[in-house]
Amino acid sequence: MAQQFNAQNIKKRTSVLVFLKGSTAPLVLYVENPEELYAELQQAIKSAAATLIEKETLGPIKRVSFISNQVAAVAVQEEQYVG
């Protein structure tokens, strides 16, 4: 029997995807303010100076560090889940 979910159980969460040079899969980061992190990473990509970026996150990745000049792209992803 298929389990039925009503619209009240479906929630949305937003993550920031960080694509690193030489990596096949992106880092999926869940943070309090994804739009702020997205803008920060965009600025880091534009900057000529390589800097260490370290973030604490809310998802399965708890803390992450990478060098700004290794970021190839960033994206904001919205996903639905049953909660």
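Structure: see above.
What counts and what doesn't
- What you see as residue numbers is a count from 1 along each chain, following the sequence as written.
- Given that the model is predicted, a residue must reach a pLDDT of at least 70 before its local features are reported, and side-chain atom pairs must reach 80 or more before they are shown or counted; all residues, however, enter totals for whole chains, interfaces and linings.
- By convention in this description, side-chain values take in all heavy atoms of the structure and omit both hydrogens and water.
- Here, a salt bridge means any Lys or Arg side-chain nitrogen found within 4 Å of an Asp or Glu carboxyl oxygen.
- Per the convention used, a helix needs a DSSP run of H or I reaching at least four residues, while a strand needs a run of E reaching at least two, with both numbered from the N terminus.
- Relative accessibility under 20% of the residue-type maximum defines a buried residue, over 50% an exposed one, and the middle range a partly exposed one, all with a 1.4 Å probe and only protein chains included.
- A pair of strands is treated as paired once DSSP finds two or more bridges between them.

S.K.: Would you mind going over the pattern of salt bridges in detail, with residue names and values included?
M.R.: Once the charged atoms of two side chains with opposite charge are near each other, the side chains can pair. For the structure shown, the criterion picks out 5 salt bridges. Residues K55 and E40 are paired through a salt bridge, measuring 2.9 Å at the closest nitrogen-oxygen approach. Of this pair, K55 sits in strand β3 (residues 52–56) while E40 sits in helix α1 (residues 34–46), placing them 15 residues apart in sequence. The partly exposed category is assigned to K55, whose relative accessible area is 22%. The partly exposed category is assigned to E40, whose relative accessible area is 34%.

S.K.: So what about the pairing of β3? Which residues, and what values?
M.R.: One ladder, built from 5 bridges, connects β3 with strand β4 (residues 63–67); its direction is antiparallel. Counted as the bridge partner of E54 is S65 from β4.

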